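Given next are the chains, with one letter for each unit.
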Amino acid sequence: MGNTIQWETDYATTLKKAQTDKKPILIDFFNPG
Amino acid sequence: MDAVTYPKGEVVEFLNKAVISLRVPSDAKPLSDDFNLKWTPMLVVLDWNGKEHQRTVGFLPPEELIPSVLLGIAKTHFDLDQFGDAIKVLDRILSDYAGSSAAPEAVFLKGVCGYKNTHNPTPLKEAYEKLQATFPASEWTKRALPYRLLP
């Protein structure tokens, strides 16, 4: 698992992974400062 | 979130196992417009087809992030008519995060799932009774108030 969150950075890639794994998606919109 | 919530081992393990996590800066177009982003942090739970089922705005400490995301996953199952799967997730909130802010809504939604699964009104009444006993001041107890009249 590792000790950090495995963040995706691209929506299309995220959607493809979610469809393959049948997992929900969590999007974190953050303020880059 | 970066300083307090995301470094926690329990949060890392949970997110890596339960969801595909995507981080997007608030100025990233067109996604921020597609989701009508107005404030950060904003967390959105989607199903695997990209349909939204829950969003939260504002900081969540580690002990609230996991039950909040679990509630989003339960709502995803609920919206997809997967009531048994939703109940399993809601039971996890109620067993492992019973004191979290997500718990009252989890009790309410479990009652609704129980009814939708069986067409027996008993789970709705049980949800109200549990809410009244455990979370008497919660808005979810008020929302469940009519269920007290069920046979």
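Preceding this paragraph is the structure being described.
Here is a short report on the structure shown in this document. (Residues numbered from 1 in each chain as written. Chains lettered and ligands numbered in written order. Predicted model: local features only at pLDDT ≥ 70, side-chain atom pairs only at ≥ 80, totals over all residues. Heavy atoms only, no water.)

A word on the sheet that holds strand β2 (residues 25-30) of chain A
Thinking step 1. Read from one edge to the other, the open sheet built from 5 strands follows the order β1(A)-β1(B)-β2(A)-β2(B)-β3(B), with strand pairing classed as mixed. Either end of the sheet is taken by a strand with one partner, and the two such strands are β1 (7-8) of chain A together with β3 (52-57) of chain B.
Thinking step 2. Relative to β3(B), strand β2 (residues 42-46) of chain B runs antiparallel, the two sharing 5 bridges. Across the sheet, B:V45 pairs through a bridge with B:Q54, a residue of β3(B).
Thinking step 3. Against the sheet, helix α1 (residues 11-21) of chain A contacts β1 and β2 of chain A together with β1 (20-25) and β2 of chain B, and its axis sits at roughly 170° relative to β1(B). (Pairing = 2+ DSSP bridges. Helix = DSSP H or I, 4+ residues; strand = E, 2+ residues; numbered from the N terminus. Contact = heavy atoms within 4.5 Å. Axes fitted to C-alpha atoms, helices over the stretch in contact; angles between N-to-C directions.)

Some remarks on the pairing of β1(B)
Thinking step 1. Along β1(B), 5 of the 6 residues are buried, which leaves the element largely enclosed by surrounding structure.
Thinking step 2. Where β1(A) and β1(B) come together, 2 bridges link them in parallel fashion. Across the sheet, A:W7 pairs through a bridge with B:S21, a residue of β1(B). (Buried < 20%, exposed > 50% of the residue type's maximum accessible area, 1.4 Å probe, protein only.)

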